[in-house]
Structures are given as C-alpha cells and as structure tokens.
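Remarks on the overall topology
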Amino acid sequence: MSRIWAVAAGIALTLSGGAQAGDRPPVESWGKPGVGFDQYRADAVECAKIGYFRDVSQDEPAKRFIRGFETADNGLNQPGTPNIGAWIDSVQRVRPERQKRDLHRIQVGDVEQCLTGKGYRKFALSRSEEKRLAAYPRGSEARHRYLHILAAR
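Here goes a summary of the coordinates provided. (Residues numbered from 1 in each chain as written. Predicted model: local features only at pLDDT ≥ 70, side-chain atom pairs only at ≥ 80, totals over all residues. Heavy atoms only, no water.)

Thoughts on the pattern of salt bridges
Tallied over the full model, the rule gives 16 salt bridges. Measuring nitrogen to oxygen at the nearest pair gives 3.9 Å for the salt bridge that ties Asp102 to Arg98. Separated by four residues within a single helix, Asp102 and Arg98 lie in helix α5 (residues 96-117), roughly one turn from each other. Salt bridges linked by common partners bring Arg64, Arg98, Asp102 and Arg105 together as one network. (Salt bridge = Lys/Arg side-chain N within 4 Å of Asp/Glu carboxyl O. Helix = DSSP H or I, 4+ residues; strand = E, 2+ residues; numbered from the N terminus.)

So this is what it looks like as structure tokens:
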C-alpha cells in the first residue's frame, strides 16, 4: 500500500524544473476544502491506482514505440552483417523518451480526472510551503500530513 501511496504522491504532486529557481513554476498539488486525512489518503490511493494500473498497450504512444522497435529489430535481423548504425537511427526515430512522456501524460490525465471527479482542485504551493515540504522525506507520513494540511484548507 505504501508503494501505491508513493505513486499517488508522485503523480498528484508535480514538480516542474526550470533552468533557474526563479524561472520554474511553483509546485502544485491537489486539495479539497475540509477533507479529512483518511479520506484524502483513500482518494489519492484510489486515483493513483487508475493511472498506475492503466493498460497502456492500446494507447498510441505505446503502439508507436512497439512498431518502431519491431521495425528496428527486423532491420537488424536481415541476412548479412548487422548494421548497428541503421538500427540506432531507427530506434532514435521512435523517440522512446517522447513516447514515455506521452504515456505518462495519459496516466496523469486519468489521475487528474479522478481527483477532479471527487471534488479536488489543483493549487500552487507558495515558495515557503515548497521549502517546508522539501524538508520532509518523500513518501514519509509527515510529508503526507503536511500536504493534507495544505489540501484541506
């Protein structure tokens, strides 16, 4: 259960990294005024499971990834000396990191839709709240409780 809660916190709390601290947008989380800690935690876990356990095999980024690597491998398995350079070029055309980011956006979208459906709304932490949050180890009970305080206001 703690693994799913860590995934929930990771998905629900998006850190955007800019070139400099002043350039980056604030940390965002999800809140619902008056929500109790147990309900907050149950909702986070329930919504995180939707994104975490999503079958991405039929999503376009996954299909592009698979097709691209199959094409690359088929080229590599042709008779004669394998052309590693052509294989690398073929793999780079797949843009695996982009496909991974696109799949992640789909999963996060599912989580956000679930949270929105439960009455939660995104909010930005102030810089002082971000600093205090950073003092708590990721996945710790204290961090979850601090986020809850911010979320329930």
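Topic: the packing of aromatic side chains
Applying the stated criterion to the full structure yields three aromatic pairs. Considering the side-chain rings of Tyr52 and Phe53, the 4.8 Å spacing of their centres and the 90° angle between planes classify their relative orientation as edge-to-face. Judged by its relative accessible area of 56%, Phe53 is exposed. (Phe/Tyr/Trp six-rings, centres within 6.5 Å; stacked < 30°, edge-to-face > 60°. Buried < 20%, exposed > 50% of the residue type's maximum accessible area, 1.4 Å probe, protein only.)

Quick look at the environment of Arg145
With respect to the helices and strands, Arg145 occurs in helix α7 (residues 141-152). Arg145 sits in the partly exposed class, given a relative accessible area of 42%.

Observations concerning the state of the cysteines
The final tally for this structure, using the stated rule, is one disulfide. Across the disulfide, Cys47 is cross-linked to Cys114 (sulfur-sulfur distance 2.1 Å). Judged by the sign of its S-S torsion, about -70°, the cystine formed by Cys47 and Cys114 is left-handed. One end of the pair, Cys47, is in helix α2 (residues 37-52); the other, Cys114, is in helix α5, with 67 residues separating them in the sequence. No difference in accessibility class separates Cys47 from Cys114, as the two residues are buried. (Disulfide = S-S within 2.5 Å.)

Things to note about the nonpolar core
One finds Tyr40, Leu115, Tyr120 and Leu125 to be the most contacted residues of the largest nonpolar core, which totals 18 residues. For this core, the elements supplying multiple residues, two or more each, are α2, α5 and α7. A total of five residues in this core trace back to one element, the largest contributor, which is α7. When neighbours within four sequence positions are excluded, Leu125 is seen to be in contact with Pro26, Val27, Glu28, Ser29, Glu130, Leu133 and Leu150. (Core = buried A, V, L, I, M, F, W, Y, C linked by side-chain atoms within 4.5 Å. Contact = heavy atoms within 4.5 Å.)

Details of the side chain of Asp59
Along the chain, Asp59 turns up in the loop between α2 and α3 (60-76). For Asp59, a relative accessible area of 12% puts it in the buried group. Engagement of the side chain of Asp59 in a polar contact is seen with the side chain of Arg54, the distance being 2.8 Å. Setting aside residues no more than four positions away along its own chain, Asp59 makes contact with Arg54, Leu103 and Ile106. (Polar contact = N/O pair within 3.5 Å; in protein donor to acceptor, adjacent residues only side chain to side chain.)

Some words on helix α4 (residues 84-94)
Burial in α4 covers these residues: Ser90, Val91 and Val94. The arc that holds every buried residue of α4, seen down its axis, measures 100°, which confines them to one face. Away from its buried face by more than 90 degrees, α4 exposes Gln92 and Arg93. Buried residues in α4 make contact with α3 and α5. Directly beyond the C-terminal end of α4, a positive phi value near 55° is found at Arg95. (Arc of directions from axis to C-beta.)

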